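Reading the structure
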Number of protein chains: 2
Amino acid sequence: MKIIKDIKEMQNLSKNLKKDKSIGFVATMGFLHEGHLSLAHQAKEQNDVVVMSIFVNPLQFAEGEDFNTYPRDRKRDEKLAEEAGVDILFFPSPEEMYPENFQTHINVEKLTQVLEGASRPLFFKGVTTVVCKLFNAVKPIRAYFGEKDAQQLIVIKKMVEDLNMDVEIVPMPIIREYDELAMSSRNKYLNPEERKSAVSLYKALKKAKQMIDDKIFDTKIIIQNMEKIISSYPFTHIDYISINHISNLKSLKYIEIGKTLISLAVFVGKTRLIDNIWI
Amino acid sequence: MKIIKDIKEMQNLSKNLKKDKSIGFVATMGFLHEGHLSLAHQAKEQNDVVVMSIFVNPLQFAEGEDFNTYPRDRKRDEKLAEEAGVDILFFPSPEEMYPENFQTHINVEKLTQVLEGASRPLFFKGVTTVVCKLFNAVKPIRAYFGEKDAQQLIVIKKMVEDLNMDVEIVPMPIIREYDELAMSSRNKYLNPEERKSAVSLYKALKKAKQMIDDKIFDTKIIIQNMEKIISSYPFTHIDYISINHISNLKSLKYIEIGKTLISLAVFVGKTRLIDNIWI
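The structure reproduced in this document is the subject of the present report. (Residues numbered from 1 in each chain as written. Chains lettered and ligands numbered in written order. Predicted model: local features only at pLDDT ≥ 70, side-chain atom pairs only at ≥ 80, totals over all residues.)

A few points about the interface of chain B and chain A
Between chain B and chain A, the residue contacts involve 24 residues of the former and 24 residues of the latter. If you list the elements that add at least two residues to the side of chain B that touches chain A, you get α1 (7-18), β5 (104-108), α6 (123-138) and α7 (150-162) of chain B. It is β5(B) that provides the largest number of residues to the side of chain B that touches chain A, a total of 5 residues. Tallied by class, the residues present in the side of chain B that touches chain A amount to 10 nonpolar, 7 polar and 7 charged. Taken together, the 5 bridges between strand β5 (residues 104-108) of chain A and β5(B) define a ladder with antiparallel strand orientation. When the sheet's bridge partners are listed, Ile106(A) is paired in β5(B) with Ile106(B). (Contact = placed C-beta atoms within 7 Å. Helix = DSSP H or I, 4+ residues; strand = E, 2+ residues; numbered from the N terminus. Nonpolar A, V, L, I, M, F, W, Y, C, P; charged D, E, K, R; others polar. Pairing = 2+ DSSP bridges.)

Written as structure tokens, this is what we have:
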């Protein structure tokens, strides 16, 4: 596995590779888990070359969020990436990505006003900007994103469509722990007691799924039931529970089968966790 | 000369061409003049294939500006482009470029606050967004922009640098009429009396150049002299006269040789004209 830190070097390598090979790309912030690795495996299956980036993107963290404490373990990441079949690990520094006087941002304007965007107003501007930079450096034909960050996936697809970026965005299902907690690098923050409460997110989502199977489509009632489940666990504090149309992210009064995203963000202790299901 | 209207078709053609040919690109809003054609000639000289786009970009016109009346003459443009050696004319429709629910914009944040950006607050957001889309459709190795739109050139270079777009931006000198009025599609708006007053812009710029040659470096004094010249012509109304550092566009108190942009925007009748020199 080749490790590259320089954007120009990555770009030149990709330019050469692209002549006769397909490049699959997995963008990560490192501290890899099974979720990331499933993206790499899928990329390996569909492309000649797999590039993974590891970059904890300062632009998508607001003041007071966990940029400085975000878990990092470079040696472990390198090993896991290599084992997952990654051919090139792209590992730029913040100074390389955002030199002094950096000032250009990409904004997907409507889809970013709700859900994660409402709770974290600068988040998506940081995400779309860095993803555009990474795409321009890596030049992938396909890029793999997990459905765990559902809104991120929808926003990136919209950016790609609106700006005519020539990349196929491949969504990949959420990977879960033994007790169905969605995999996340941030799970590491949870102490053993909080870890037990973290299962409440998916428990609430499964309750929603069961209610819909039972033909209850009123989203207000579904959300009330979800809230009840979350609140029954200690250390939990709901940021939002929301039921939205998957393409425009408008709030839904009634479930639309095949077109509904149920998502939630919950603080467990100080750790903010997210999860979702697509109905 | 091939004419293409569809973004996907342009993209696929460019993808194939790119395998063994260099693509030079000239983005225009049509109503071609010698300025545009000089870009095409230069592109022809440096690349295997020349693509020119003609697209009057609604995103860069504010309410009340001249989007609807902007001069268009497609048949004449096609003939001139072909004569200038353009191989592919890319001619997308506004609906093709901005379908319903389009919502993604690129913003170069600091450089766009002054000069044209101060007078036209949405202008550069529209320019950078459309240029990114055009680059993604055309996939050029080099793109040619005139120094007439000096700030546009500087802003586009910044976007390309910040977002790691793999395109070389080639600046080209201003082409002038017999009486040294800078070529512009908007010159067509001027009636014969206004046309005479339009020469005041370059007259003022030449005065500035002469003062600098005479070792007068105080920008306040230079601007006062320029104002006097413009105001001596009928139908003129100064929007701004400004002396700025070429890389960060900060206002300069004293001329810095090799690093100074002197630019101005003047209404002549109802027509807004711009011009500049690099010192």
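That was the structure; now back to the text.
Describing the nonpolar core
One broad rule of soluble globular proteins: the nonpolar side chains tend to lie buried together. Grouped together as the largest cluster of nonpolar side chains are 155 residues, with contacts concentrated most on Ala40(A) and Ala40(B). If sequence neighbours within four positions are ignored, Ala40(A) has contacts with Val26(A), Val50(A), Met52(A), Ala81(A), Ala84(A), Gly85(A) and Val86(A). (Core = buried A, V, L, I, M, F, W, Y, C linked by C-beta atoms within 7 Å. Buried ≥ 20, exposed ≤ 12 C-beta atoms within 10 Å, placed from the backbone.)

Considering the sheet that holds strand β9 (residues 260-268) of chain A
Residue and element names in this part refer to chain A. Spatially, the 3 strands line up as an open sheet ordered β8-β9-β10, and their pairing is antiparallel. Edge positions in the sheet fall to β8 (236-245) and β10 (271-278), since each of these pairs with one other strand and no more. When strand polarity is set aside, the average angle formed by the axes of neighbouring strands in this sheet is 15°. Where β9 meets β10, 8 bridges bridge the pair, whose relative direction is antiparallel. (Axes fitted to C-alpha atoms, helices over the stretch in contact; angles between N-to-C directions.)

Brief notes about helix α6 (residues 123-138) of chain A
A turn of α-helix holds 3.6 residues, and therefore any two residues three or four places apart point the same way. All names here are of chain A. Along its 16 residues, α6 runs 22 Å from first to last C-alpha, staying within 8% of the 22 Å computed at 1.5 Å per residue. Where burial is concerned, most of α6 is hidden: 15 out of the 16 residues are buried. Downstream of α6 by one or two residues, Lys139 has phi in the positive range, about 55°. (Expected span 1.5 Å × (residues − 1).)

Brief notes about the pairing of strand β6 (residues 142-146) of chain B
Residues and elements named next belong to chain B. Of all 5 residues in β6, 4 are buried; the element is thus mostly enclosed. When strand β2 (residues 23-28) meets β6, the two strands line up parallel, connected through 3 bridges. Paired with Gly24 across the strands is Arg142, a residue of β6. In this sheet, strand β7 (residues 168-172) lies alongside β6 in parallel orientation, the contact comprising 5 bridges. Paired with Gly146 across the strands is Met172, a residue of β7. The β-α-β motif built from β6, the intervening α7 and the parallel element β7 has right-handed crossover chirality. (Right-handed = clockwise from strand over helix to strand, strands pointing away.)

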